[in-house]
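Chain and residue survey
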Amino acid sequence: MSLLSASALAEKPFFANLGGGLEREEFAQDCAEDSREGSPAPAVRSVVRAVELLKALNRRPVSTVEFLHAQTRLPKPSIVRMMQTLEGCGLVKHAPQHGAYYLTSGVLSLSHGYHSEPMVVEAAAPLLDALTLKVKWPVAIAMLEDLSMVVRYSTIPLSPLALRHSTLNVCLSLVSRAIGRAYLAFCSPEQQEALLHALAASEGPEDERAKDAGAMQRVLGEVRSKGFAMRDPSVWPASNTLAVPVFDNHGVACSVGLTYFSSAMKPAQAVERHLPELQAVAREIGERLKALQSDKSRARPGLETKPRRRPRPARVAVQIPQGGALKNPA
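What you are looking at is a predicted structure, and each value in this text was computed from that prediction instead of being measured.

A cluster of nonpolar side chains, namely Val44, Val47 and Val51, defines an oily patch on the protein surface of about 210 Å² accessible area. Here Val47 is to be found in helix H4 (residues 45-57).

For the rest of this paragraph, the subject is the environment of Phe228. Position of Phe228 among the secondary structure elements: in the loop between helix H10 (213-226) and strand S7 (229-230). For Phe228, a relative accessible area of 12% puts it in the buried group. Counting along the chain gives 42 residues from Phe228 to Phe186, while the straight-line C-alpha distance between them is 9.9 Å. With near-sequence residues (within four places) excluded, Phe228 lies in contact with Val223, Leu242, Ala243, Val244, Val271 and Leu275.

Although it is not a glycine, Lys136 sits at a positive phi angle of roughly 80 degrees. As for its placement among the helices and strands, Lys136 is situated in the loop between helix H7 (119-135) and strand S4 (139-145). Not every positive phi belongs to a glycine, and Asp146 is a case in point at roughly 60 degrees. Summarising the element assignment, Asp146 is placed in the loop between S4 and strand S5 (148-154).

Another point: the sheet that holds strand S1 (residues 63-64). Reading across the sheet, the three strands line up as S1-S3-S2 and stay open at both edges, with antiparallel pairing between neighbours. Every interior strand has two partners, whereas the edge strands, S1 and strand S2 (92-94), have only one. Pairing of S1 with strand S3 (residues 100-103) involves two bridges; the strand directions are antiparallel. Bridge pairing in S3 places Ser63 opposite Tyr101. Across the sheet, H4 lies against S1, S2 and S3, angled at about 85 degrees from S3, the strand it touches most.

Here the focus is the packing of aromatic side chains. In this structure the tally under the stated criterion is two aromatic pairs. Between Phe186 and Phe247, the aromatic rings sit 6.1 Å apart at their centres with planes inclined by 90 degrees, giving edge-to-face as the arrangement. Here Phe186 is found in helix H8 (residues 178-186), whereas its partner Phe247 is found in strand S8 (residues 239-248), with 61 residues between them in sequence.

Here we come to the pairing of S5. Counted residue by residue, S5 has six buried out of seven residues, so it is predominantly covered. In terms of strand pairing, S4 meets S5 through six bridges, oriented antiparallel. Residue pairing in the sheet places Ile141 in a bridge with Tyr153 of S5. What sits between S4 and S5 in their antiparallel hairpin is a turn of two residues, with Asp146 showing a positive phi close to 60 degrees. As paired elements, S5 and strand S6 (residues 171-173) share three bridges and run antiparallel to each other. The residue bridging Met149 from the neighbouring strand is Leu172, located in S6.

Quick notes on the rules
- Residues numbered from 1 in each chain as written.
- Predicted model: local features only at pLDDT ≥ 70, side-chain atom pairs only at ≥ 80, totals over all residues.
- Heavy atoms only, no water.
- Patch = residues over 30% accessible without salt bridge, like charges linked within 9 Å, V, L, I, M, F, W, Y side chains within 5 Å.
- Areas by Shrake-Rupley, 256 points an atom, 1.4 Å probe, with all protein chains shown as cover.
- Salt bridge = Lys/Arg side-chain N within 4 Å of Asp/Glu carboxyl O.
- Helix = DSSP H or I, 4+ residues; strand = E, 2+ residues; numbered from the N terminus.
- Buried < 20%, exposed > 50% of the residue type's maximum accessible area, 1.4 Å probe, protein only.
- Contact = heavy atoms within 4.5 Å.
- Pairing = 2+ DSSP bridges.
- Axes fitted to C-alpha atoms, helices over the stretch in contact; angles between N-to-C directions.
- Phe/Tyr/Trp six-rings, centres within 6.5 Å; stacked < 30°, edge-to-face > 60°.

Below is the structure:
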């Protein structure tokens, strides 16, 4: 697309209204730059920018322009204009404080066409919800992706004791995180060997311990003997996570973890109070997974597969320990 044709396109009604997000001249420049990328389907930078902003807005209940600038490195004037456009689309609202925005329930409409809920989430969600409603602490389930565990479901919206707004799609280290250790310790010897070999070459700061094969084997051996994993306390001392593996017909499928404040419980207390019910939940998730994998789940009583409305308990004020917001608490 030439710059001339991009400018002409920007004059059309739909793109002329883009002035609330990017000025027409800026849009034309973006199109011209996109066309010079040389790929068969070059990215439209204005769309990429909007997606980046929506992702950044998901990280906090309320986001300032300063925070969005730090997260996306977009110019602040462009952020303000794009926020105005998103507000016009019903996806964003201007917060009472100056220069701050938050997502509206309109963003839920963006997921209405997605029907491929992962089997693990289908099996685990009602059980994890019930556990958090009982014990109040947030619980998450994560699956292996490349060299880390990715959170696929979290009960943070149900927990009055959560330090983060969301952990969905957060990547957690196999080496230092409880959820990662629970998976790595119980996967097959062949998979474990391959993962440890790759992790030893990883440049991730939390994967550094994998370079010491002996230390790593001692950690994993302890996890296997105890049947559960704890997070490396040096990662974030303000909280800790108790995690256990989940097994399906093929071996370890994922792992589930319960996160708590270090000031509220010592590790031994967390194990005494919550390990039995966490293991029971993991076993039930595994049974549900096996049923789904055997294609018998639709006839099995009690297995929820329909969309569920999550209850919204009142949140309570939580004293955040000194040191700031938690980065990746699971």
